[in-house]
Amino acid sequence: MSKRQLKKYLSEIPKEALEEQLLDLYQRFSVVKEYYDFVFNPKEDKMVQEAKAKISNEYFPLRRKRPKARRSVAQKFIKHFQKLGMDAPMVADLMLYNIEIAQTFASEKNVPDAFYKSMLNSFEEAVRYISINALLDAYRPRIEKIYVLTQTGAWLLSEGFSRVYDGIDTDTKANNDFLNEI
């Protein structure tokens, strides 16, 4: 069904039938329930704190001996929060937290090369997201700290981190030039 057909259908059915369908969707699908629960009672801080705890547990487990160190756990939270429409600063904070906790882990453990590639991807995504949402001023110190640790900690792919970090100033200058033209 196309969006147009759906709009036509919704405009034709009575309000009571629409309410019944929404209640049915709410009861049947956990995704719909979660969406409406978030819309009417966001509790963003609590959700972010729970996500941070689970991400931290990936690298520094409390109940098991070996860390799993999976980037995918953080990525699922980030994508989920973006779908819900969570405030951009909350998502940006979680993105940077993921990298920061991974850097702490890498400083204490021997990690495979794929780990560094994964963290470079996370860094690139975080910087892009922060730039797009005009949060660079607020998060620049944390981004800079992450960058410095990749350079001083002899991280693999440190030139990739440099490229991303150098792109921040280029993007900022281009955005300022564009705004000045307007």
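Residues numbered from 1 in each chain as written. Predicted model: local features only at pLDDT ≥ 70, side-chain atom pairs only at ≥ 80, totals over all residues. Heavy atoms only, no water.

A.B. asks: Give a detailed account of a nonpolar patch on the surface, specifying residues and quantitative values.
C.D. replies: Among the surface-exposed residues, Met1, Leu6, Tyr9 and Leu10 lie close enough to one another that they form a single nonpolar patch of about 390 Å² accessible area. Structurally, the position occupied by Leu10 is in helix H1 (residues 3-12). Owing to a relative accessible area of 32%, Leu10 belongs among the partly exposed residues under this scheme. (Patch = residues over 30% accessible without salt bridge, like charges linked within 9 Å, V, L, I, M, F, W, Y side chains within 5 Å. Areas by Shrake-Rupley, 256 points an atom, 1.4 Å probe, with all protein chains shown as cover. Salt bridge = Lys/Arg side-chain N within 4 Å of Asp/Glu carboxyl O. Helix = DSSP H or I, 4+ residues; strand = E, 2+ residues; numbered from the N terminus. Buried < 20%, exposed > 50% of the residue type's maximum accessible area, 1.4 Å probe, protein only.)

A.B. asks: Explain the packing of aromatic side chains to me, and be specific about the residues and the numbers.
C.D. replies: What describes a pair of aromatic rings is the distance from one ring centre to the other and the angle between the planes of the rings. Under the defined criterion, the tally for this structure stands at twelve aromatic pairs. Ring geometry for Tyr36 and Phe40: centres 6.1 Å apart, planes at 10°, overall stacked. Note that Tyr36 and Phe40 are positioned in helix H3 (residues 30-40) at a spacing of four residues, about one turn of the helix. Judged by relative accessible area, Tyr36 falls into the partly exposed class, the value being 27%. Pairing Tyr59 with Phe105 gives two aromatic rings, centres 5.4 Å apart and planes at 55°, and the pair type is tilted. In this pair, Tyr59 sits in helix H4 (residues 44-59) while Phe105 sits in helix H6 (residues 88-108), placing the two residues 46 residues apart along the sequence. The class of Tyr59 is buried, set by a relative accessible area of 1%. Of the aromatic side chains, those joined through ring pairs into one cluster are Tyr59, Phe60, Phe105, Phe115, Tyr116, Phe123, Trp155 and Phe161. (Phe/Tyr/Trp six-rings, centres within 6.5 Å; stacked < 30°, edge-to-face > 60°.)

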